[in-house]
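Spelled out, the chains give:
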Amino acid sequence: MVEIGAVRDGEVHSMRESTVGESRTDGGTSRPVSFQKVGRRLRHAYGDVSQTSGPATLQVRSDDISQIRRELTIVRSSVENAIRQSCAIDVSQLPAPLVDIYLGLVRNELSRHIAVRVVKETAAEIPIHSENRERIPEPLTLRELVTRRLAGLMTVSGPVSVLPTGGPRVIALVGPTGVGKTTTVAKLAGDFSICKGKKVGLVTIDTYRIAAVQQLQTIADIVRVPLKTVLTVGELRMALSAFSDRDVVIIDTAGRTQRDELKMNELASFMQAAGPDEIHLVLAATARQRNLQEVLDRFKQVGVNRLVLSKLDEAEGIGGAFGVAAE
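Note that the coordinates shown come from a computational prediction; the quantities given were computed from them, not determined experimentally.

Undergrad: Go over the overall build of the protein, please, and point to the residues and values.
TA: Per the secondary structure count, the protein includes 13 helices and 8 strands. A burial count over the protein gives 37% of its 327 residues as buried. Of the contacts made within the protein by residues no fewer than 6 positions apart, 69% connect residues no fewer than 24 positions apart. Split by element, the accessible area of the protein, about 19700 Å² in all, is 53% carbon and sulfur.

Undergrad: Residues and numbers for the sheet that holds strand S3 (residues 169–174), please.
TA: Strand pairing in a sheet takes place through backbone hydrogen bonds and is either antiparallel or parallel in direction. Taking strand neighbours across the sheet as the criterion, the 6 strands line up as S5-S4-S6-S3-S7-S8 in an open arrangement whose pairing is parallel. Both edges of this open sheet fall to strand S5 (227–229) and strand S8 (306–310), since each of them pairs with a single strand only. Direction aside, the axes of adjacent strands within the sheet are offset by 25 degrees on average. Sheet topology places S3 next to strand S7 (residues 278–284); 4 bridges connect them, and they run parallel. Within S7, the position partnered with Ala172 by the bridge is Ile279. Contacts from helix H12 (residues 289–299) reach S3, S7 and S8 within the one sheet, and its direction differs from that of S7 by about 160 degrees.

Undergrad: Kindly report on the packing of aromatic side chains, identifying the contributing residues and their values.
TA: By the definition in use, this model includes 0 aromatic pairs. The side chain of Lys228 reaches across the aromatic face of Phe243, ending 5.6 Å from its centre.

Undergrad: I'd like a description of helix H10 (residues 233–242), backed by residues and values.
TA: All of the buried residues in H10 are Leu236, Ala239 and Leu240. The buried side chains of H10 occupy one side of the element, clustering within an arc of 95 degrees when seen end-on. H10 presents Met238 and Ser241 as exposed residues on the side facing more than 90 degrees away from its buried surface.

The rules behind each value
Residues numbered from 1 in each chain as written. Predicted model: local features only at pLDDT ≥ 70, side-chain atom pairs only at ≥ 80, totals over all residues. Heavy atoms only, no water. Helix = DSSP H or I, 4+ residues; strand = E, 2+ residues; numbered from the N terminus. Buried < 20%, exposed > 50% of the residue type's maximum accessible area, 1.4 Å probe, protein only. Contact = heavy atoms within 4.5 Å. Areas by Shrake-Rupley, 256 points an atom, 1.4 Å probe, with all protein chains shown as cover. Pairing = 2+ DSSP bridges. Axes fitted to C-alpha atoms, helices over the stretch in contact; angles between N-to-C directions. Phe/Tyr/Trp six-rings, centres within 6.5 Å; stacked < 30°, edge-to-face > 60°. Lys NZ or Arg CZ within 6 Å of the ring centre and 35° of its normal. Arc of directions from axis to C-beta.

What follows is the structure, given as structure tokens:
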């Protein structure tokens, strides 16, 4: 049998009697807690507990509930004030709705300087006067304004353009290991071949990862497009020449650790030989902005001119990926 005792916060001190086997700090003899006494106080404070065939029910007085609500309100207010005090000085002076939006952006891992810039620019375009607070827009309207500001920071390239004539559109996907390049290649190939009716060719230079070629071959079979595996720059040129009648050629590359200078130089040589129209750097939205920025800085040497953000459904916050794309 387990018996659980509970007392109101104000009675905790009076109920702190030493348990059996513990020594008292004042040198007196130890004394067990009287659970009967606890039970009497509980019944006095909250009413009787009726033990029936179903769960026990506890009758709580309305004034106790009101007191709990008041205390929760005080705690919530204290926490919010502490958070606001940690904000930048120029943000803490803004109206509370904008401060809340700022905190939400930071919680979603958007860098603080971008969040400050966005909320300050939003504040500048709305009429806010300390003596006329009712002119502050509703929070929903503020969120729409901030959303437009955020959207303006990022340039979206739109879908891959396929030229009607003049040879295939060559697209290469590069990036670190495990970000979803091959999965993205599968999605693009399926969209072009099945949904848009384009002639697609696949090329892979990913011969390092175990079963990488077999994985892409399975994808190619499903979407009914040809696949060529290349090991050298010369073979890459031959593969592209063989696909000269295609509308789109997609090149899948092996994942490269951005700090491996030798592999990065090798990838740059492949890209220089292929001369793709678009080189997409695939970044996982689950990574931190500092890591993403390092990857972007190191992959610039291969001629990256597009970003693909993957694993958006796995990310707790996409502020880091957004920040890299915006900057």
